[in-house]
Amino acid sequence: MNIALKTPNFSRRIDKTQSSRGGRVAMLAGKEDGSPAPAANLAEKASAMLRQDSVPVAEREDGLEYLRIHDIRDSLVERDSPFVVDNNAGGGFVGDKDLLQINIMQYESEHSSGAQCQGLSDPESGACLALPQFALRSGPRAKIYHDPSQVTAALVTCGGLCPGLNDVVLNIVTTLLEYGVPEDQIFGIKYGLRGFLDRHAKPVQLGRREVDGIQLKGGTVLGTSRGNAKIKDIVDRLRLWGVNHLYVIGGNGGNAAAHAIAQECLKQNVVCNVVGVPKSIDNDIQIIDKCFGFDTAVEEAQRSLICARVEAKSAAGIAIVKLMGRQSGFIAMNASMASGVVDVCLIPEIKFSMAKLLEHIGKILNKKDYCVVCVAEGAGQDVLDGSAGGTDASGNPILKDIGTFLRDAFKHEFKGVDVKYIDPSYMIRSIPTITTDRIYCKVLGQAAVHGAFAGFTDFTAGLVNTHYVMLPTTTIIQSARTVDPKGRQWNRLKTAIRQPDLY
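Residues numbered from 1 in each chain as written. Predicted model: local features only at pLDDT ≥ 70, side-chain atom pairs only at ≥ 80, totals over all residues. Heavy atoms only, no water.

Visitor: Pulling in residues and values, what's your account of the overall build of the protein chain?
Guide: Helix and strand counts for the protein chain come out as 13 helices and 19 strands. For the protein chain, buried positions account for 54% of its 503 residues. At a minimum sequence separation of 6, the contacts of the protein chain that also span at least 24 residues come to 77%. Accessible area for the protein chain stands at about 21,500 Å²; split by element, carbon and sulfur atoms hold 48% of it. (Helix = DSSP H or I, 4+ residues; strand = E, 2+ residues; numbered from the N terminus. Buried < 20%, exposed > 50% of the residue type's maximum accessible area, 1.4 Å probe, protein only. Contact = heavy atoms within 4.5 Å. Areas by Shrake-Rupley, 256 points an atom, 1.4 Å probe, with all protein chains shown as cover.)

Visitor: Any details on the environment of Ala257? Residues and values, ideally.
Guide: Tracing the backbone through its elements, the reader meets Ala257 in helix α5 (residues 252-267). Spatially, the C-alpha atom of Ala257 lies 9.6 Å from that of Asn228, the residues being 29 residues apart in sequence.

Visitor: Residues and numbers for the nonpolar core, please.
Guide: Counting residues in hydrophobic clusters, the biggest one holds 76 residues, and the most contacted among them are Leu155, Ile172, Leu176, Tyr247, Phe292 and Leu323. Here the element with the most residues in this core is helix α2 (residues 165-179); it accounts for 9 residues. (Core = buried A, V, L, I, M, F, W, Y, C linked by side-chain atoms within 4.5 Å.)

Visitor: Summarise the pairing of strand β12 (residues 245-250); cite the residues concerned and give the values.
Guide: A large share of β12 lies buried, amounting to 6 of its 6 residues. Of the two faces of β12, the one carrying His245, Tyr247 and Ile249 and the one carrying Leu246, Val248 and Gly250 are both buried. As judged from the 5 bridges shared by strand β9 (residues 153-157) and β12, these two strands associate in the parallel manner. Paired with Leu155 across the two strands is Tyr247, which belongs to β12. Direction of pairing for β12 relative to strand β13 (residues 273-278): parallel, over a ladder of 6 bridges. The partner of Ile249 across the bridge, within β13, is Val277. (Pairing = 2+ DSSP bridges.)

Visitor: Report on the packing of aromatic side chains, specifying residues and quantitative values.
Guide: Inspection of the entire model under this criterion finds 6 aromatic pairs. Aromatic side chains Tyr179 and Phe453 sit 4.0 Å apart centroid to centroid with 5 degrees between the ring planes, which places their arrangement in the stacked category. Residue Tyr179 is found in helix α2, and its partner Phe453 is found in helix α11 (residues 435-453); the two are separated by 274 residues along the sequence. For the pair formed by Tyr179 and Phe453, the shared burial category is buried. With 5.7 Å between their ring centres and 80 degrees between their planes, Phe187 and Trp241 make a pair best called edge-to-face. You can see Phe187 sitting in strand β10 (residues 186-189) and its partner Trp241 sitting in helix α4 (residues 231-241), a full 54 residues away along the chain. Since its relative accessible area comes to 13%, Phe187 is described here as buried. Trp241 sits in the partly exposed class, given a relative accessible area of 27%. (Phe/Tyr/Trp six-rings, centres within 6.5 Å; stacked < 30°, edge-to-face > 60°.)

Visitor: Before we move on, could you go through the state of the cysteines and cite the residues and values that matter?
Guide: In this structure the tally under the stated criterion is 0 disulfides. Cys291 provides the cysteine sulfur closest to Cys162, a residue in no disulfide bond, and the two sulfurs are 7.6 Å apart. (Disulfide = S-S within 2.5 Å.)

Visitor: Describe the sheet that holds strand β14 (residues 318-323), naming the residues involved and giving the relevant values.
Guide: Pairing in this open sheet of 4 strands is parallel, and the strands run β15-β16-β14-β17 from one edge to the other. Single-partner strands in this sheet number two, and they are β15 (344-346) and β17 (419-422). The average angle at which neighbouring strand axes cross in this sheet is 15 degrees, direction not considered. Looking at chain direction, β14 and strand β16 (residues 371-376) are connected through 6 bridges and run parallel. Residue pairing in the sheet places Lys322 in a bridge with Val375 of β16. (Axes fitted to C-alpha atoms, helices over the stretch in contact; angles between N-to-C directions.)

Visitor: Provide a residue-level description of the packing of helix α7 (residues 330-339) against helix α13 (residues 488-497), including the pertinent values.
Guide: Between α7 and α13, the least distance of the axes is 10 Å, while the angle of their chain directions is 45 degrees. When the interaxial angle is binned, α7 and α13 end up oblique. Considering only the axes of α7 and α13, their crossing is left-handed. From α7, Phe330, Met333, Asn334, Ser336 and Met337 reach across to α13, where they touch Gln489, Trp490, Arg492, Leu493 and Ala496. For the contact of α7 with α13, a count of residues per class yields 6 nonpolar, 3 polar and 1 charged. (Parallel < 35°, antiparallel > 145°, perpendicular 65-115°, else oblique. Left-handed = near helix turned anticlockwise from the far one by under 90°. Nonpolar A, V, L, I, M, F, W, Y, C, P; charged D, E, K, R; others polar.)

Visitor: So what's going on with the pattern of salt bridges? Which residues, and what values?
Guide: For side chains bearing opposite charge, pairing can occur when the charged atoms are close. As enumerated under the stated definition, the model contains 18 salt bridges in all. Put simply, Asp343 and Lys368 hold a salt bridge, and the shortest N to O gap is 2.5 Å. Pair noted here: Asp343 is in the loop between α7 and β15 and Lys368 is in helix α8 (residues 354-368), with a separation of 25 residues, a long-range link. Within this structure, Arg73, Asp96, Lys97 and Arg141 form a network of salt bridges that share partners. (Salt bridge = Lys/Arg side-chain N within 4 Å of Asp/Glu carboxyl O.)

Visitor: Describe the packing of α2 against α11, naming the residues involved and giving the relevant values.
Guide: Following both chains from N to C, one finds α2 and α11 inclined at 45 degrees, their axes separated by 8 Å at the closest point. Of the possible angle classes, the one that applies to α2 and α11 is oblique. You can see that α2 and α11 cross each other, and the crossing is right-handed. Of the residues in α11, those touching α2 at Asp167, Val168, Asn171, Ile172, Thr175, Leu176 and Tyr179 are Arg438, Cys441, Lys442, Gly445, Gln446, Val449, His450 and Phe453. Of the residues belonging to the contact of α2 with α11, the class tally is 7 nonpolar, 5 polar and 3 charged.

Visitor: Could you give an account of the side chain of Ser328, with specific residues and numbers?
Guide: Counting through the fold element by element, Ser328 comes out in the loop between β14 and α7. Here Ser328 falls in the buried class, since its relative accessible area comes to 1%. There is a polar contact of 2.4 Å between the side chain of Ser328 and the backbone oxygen of Arg481. If sequence neighbours within four positions are ignored, Ser328 has contacts with Asp282, Asp284, Pro348, Glu349, Ala480, Arg481 and Thr482. (Polar contact = N/O pair within 3.5 Å; in protein donor to acceptor, adjacent residues only side chain to side chain.)

Visitor: Pulling in residues and values, what's your account of the confidence of the model for the protein chain?
Guide: Taken residue by residue, the protein chain gives an average pLDDT of 88. The fraction at 70 or more is 88%. Under a pLDDT of 50 for its full length, residues 1-51 has, in the predicted model, 105 contacts with residues more than four places off or in other chains. (pLDDT = per-residue confidence, 0-100.)

Structure (structure tokens):
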């Protein structure tokens, strides 16, 4: 079958939500006051946010458009899956062009909550890029493109810690073994991408004995680091070691590195399937329902908030809890909702003024004598004094400390009121997973291996509308997913805690 590739059209703006044969949603944007943005400006913003090749689109025989996943099948040999002998334990196989609908809502109008952008959005520019209606379903195929006995697989964990890293490693390894990959041909790269080149961090073998029980531990048994993405040197090492499966477990930075490695493999004619698994404790990866480890982080974060309430109420004071979230306030928002004890929630997506914040907290103290404030680490950067700026080795912004700033401001404003400050961030990210994440990690690990054996490359496995799909790496790394200030999630929390506009 010939697959027709298509790219989004940035040259025109459509003011109302429309759909074409494939059900693609038009690009929508406007000024802050609600008036339409000039078409030229919108096209310029959209082009700057997303390259045209970042959303590859293919078309099935029946005309349905979907996010195309690149493959290297032309360089591989098709064969039956080892699981065909029992029809995959009686469960059957996924069709090679099974599709999952990405956007399932049918809005009455563009004024409905959530209808403003049903594609990829950039909160800074206001641009919204249309996505095709469908994504390619992940899972075991009846036909595979690698002889399992000839597979050499490498796994690497990148970026900051997150609950579930060991779970994913375990399930990638066990799925490779189920396909028939020899134990001595699966190994882990130590301490992130730098482990490819650091002579003091030699790769380690990953067999059943090495991974047994690692899901019960926090952190990552492979170690991790930020940055150090020397792409050409890494691909040279892949060739030298004969690696033809590479699994990169990381966030936006790790997936960007995976994409660069996949592209360099093609450039150097290195036949290697490069697969990402979406790791972000901030839950800031585009399109997917959630990142692994997020449920665990929210569960642990709400415990800190409940403890903060005890402290605040016992002393008739204020308790501040700072949670992780550089650009995205999902942990703070969800933990605040889950705990039921938060009076004020501050996230990076919603600006606030200190004057209005202090006034609101004063009213809370007058009403019930104590106050619990939950703040994401990236909130209020515009109200802070002093300098930070720059980015870390992963390209993440280096933040000023909003937690200590609020603590000092509250002590100055509310004389004689006890102010407690709690920062549980590193405790939260270093714990083992809860059951929902453990199950999620198991399926993600399986999906990554199934996709590689099916010949696909330069993709990440993820959950979309409760089903597992493969997504182009280029599509998910363009910008961080953020809380929609006009969305239902934020609105539910605001109304639950009666938080007014603080800006």
